[in-house]
Amino acid sequence: MKNNGNGFSQKVQKLALEAKTDKDALSELICLYMKTIQNTVSSMAISTDEVSDLSQEALMGLCDAVKTYDESKGAQFITYASVCIRNKILSALRRKPYETDEITEEIQDNKYGVNPEFSVVDKVRVGELMEIISLHLSEKELMVFEGYLSGKSYERIAKELDMTTKTVDNAMQRVRKKLKAVLDSENSN
């Protein structure tokens, strides 16, 4: 979401805090985010058929952001919400397997709002990067990373994986270090 000055950011911040208990504030917040959601979805969707589904996922990501936002953690709501929305869309895309024939057919039918070659290349590239990344992570690090990518808190990941929050934090520190090394080597190739 574009930050059109500090006043806008403060308005979004205030609405986000009110939206936890006030349906009118939530409605107003959703209206403010609709253009951002449309732009994010259109840049990530492989086909126009997915736009509606991914828009719903993005809205759920925004609602999750409202429910889980904690101002005391120091992040602005705009930043937090954009991560939640993006993670929700990525999770939905990961759940839906794509066949090569399906992608080829969609390109030939030209169902895209953007350059289809770039969309497919980006999608394939993300898949390749995830495969490469998974080769460099331990099983525990990969499970923690997948939880993190799906928007879960360290506390929730710890509970689900039966480990301490500190162990999750340490695993994420190692993941970040390894990701940086993998991405640096990929970018130099």
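The structure we're discussing is the one just above.
Let us look at the structure shown here. It should be emphasised that the depicted structure is a prediction, and the values quoted were computed from it without experimental measurement.

1. Structural notes on the overall build of the protein chain
Turning to step 1, where the next piece is worked out: Along the backbone of the protein chain there are nine helices and zero strands.
Turning to step 2, where the next piece is worked out: Relative to its full complement of 189 residues, the protein chain shows a buried share of 34%.
Turning to step 3, where the next piece is worked out: Intrachain contacts of the protein chain at a sequence separation of at least 6 include 59% that bridge at least 24 residues.
Turning to step 4, where the next piece is worked out: Counting only carbon and sulfur atoms, one obtains 53% of the accessible surface of the protein chain, whose full area is about 11,600 Å².

2. Thoughts on the packing of helix α2 (residues 23-44) against helix α3 (residues 48-68)
When two helices pack together, you describe them by how their axes are tilted relative to each other and by the distance separating the axes.
Turning to step 1, where the next piece is worked out: It is at 10 Å that the axes of α2 and α3 come closest, and there the two elements cross at 135 degrees. Considering the angle they form, α2 stands oblique to α3. For the element pair α2 and α3, the recorded crossing hand is right-handed. Across the interface between the two elements, L26, L29, I30, Y33, M34, I37 and V41 of α2 pack against V51, L54, S55, A58, L59, L62 and V66 of α3.
Turning to step 2, where the next piece is worked out: Residue composition of the contact of α2 with α3, grouped by class: 13 nonpolar, one polar and no charged.

3. With respect to the packing of aromatic side chains
Turning to step 1, where the next piece is worked out: What the rule picks out here adds up to four aromatic pairs.
Turning to step 2, where the next piece is worked out: Aromatic side chains Y69 and F77 sit 5.3 Å apart centroid to centroid with 90 degrees between the ring planes, which places their arrangement in the edge-to-face category. The exposure classification of Y69 matches that of F77, with both residues buried.
Turning to step 3, where the next piece is worked out: One aromatic cluster is present, formed by Y33, Y69, F77 and Y80 through successive ring pairs.
Turning to step 4, where the next piece is worked out: The ring of Y148 carries the charged tip of R176 above its face, separated from the ring centre by 5.8 Å.

4. Let's talk about the environment of K67
Turning to step 1, where the next piece is worked out: Turning to its location among the elements, K67 is positioned in helix α3.
Turning to step 2, where the next piece is worked out: Taking the relative accessible area as the measure of exposure, K67 reaches 62% and is therefore exposed.
Turning to step 3, where the next piece is worked out: For the pair K67 and L17, spaced 50 residues apart in sequence, the C-alpha separation works out to 9.1 Å.

5. Notes on the pattern of salt bridges
Turning to step 1, where the next piece is worked out: Applying the stated criterion across every chain yields a total of nine salt bridges.
Turning to step 2, where the next piece is worked out: The salt bridge partner of E18 is K14, with a shortest N-O separation of 3.1 Å. With a gap of four residues between them, E18 and K14 both fall in helix α1 (residues 6-19), about one helical turn apart.
Turning to step 3, where the next piece is worked out: Look at K14 and you get exposed, because its relative accessible area is 53%.
Turning to step 4, where the next piece is worked out: A salt bridge links K152 to E160; its shortest N-O distance comes to 2.7 Å.
Turning to step 5, where the next piece is worked out: Owing to a relative accessible area of 25%, K152 belongs among the partly exposed residues under this scheme.
Turning to step 6, where the next piece is worked out: Connected through shared salt-bridge partners, D64, K67 and K88 make up one network.

What counts, and where the lines are drawn
Residues numbered from 1 in each chain as written. Predicted model: local features only at pLDDT ≥ 70, side-chain atom pairs only at ≥ 80, totals over all residues. Heavy atoms only, no water. Helix = DSSP H or I, 4+ residues; strand = E, 2+ residues; numbered from the N terminus. Buried < 20%, exposed > 50% of the residue type's maximum accessible area, 1.4 Å probe, protein only. Contact = heavy atoms within 4.5 Å. Areas by Shrake-Rupley, 256 points an atom, 1.4 Å probe, with all protein chains shown as cover. Axes fitted to C-alpha atoms, helices over the stretch in contact; angles between N-to-C directions. Parallel < 35°, antiparallel > 145°, perpendicular 65-115°, else oblique. Left-handed = near helix turned anticlockwise from the far one by under 90°. Nonpolar A, V, L, I, M, F, W, Y, C, P; charged D, E, K, R; others polar. Phe/Tyr/Trp six-rings, centres within 6.5 Å; stacked < 30°, edge-to-face > 60°. Lys NZ or Arg CZ within 6 Å of the ring centre and 35° of its normal. Salt bridge = Lys/Arg side-chain N within 4 Å of Asp/Glu carboxyl O.

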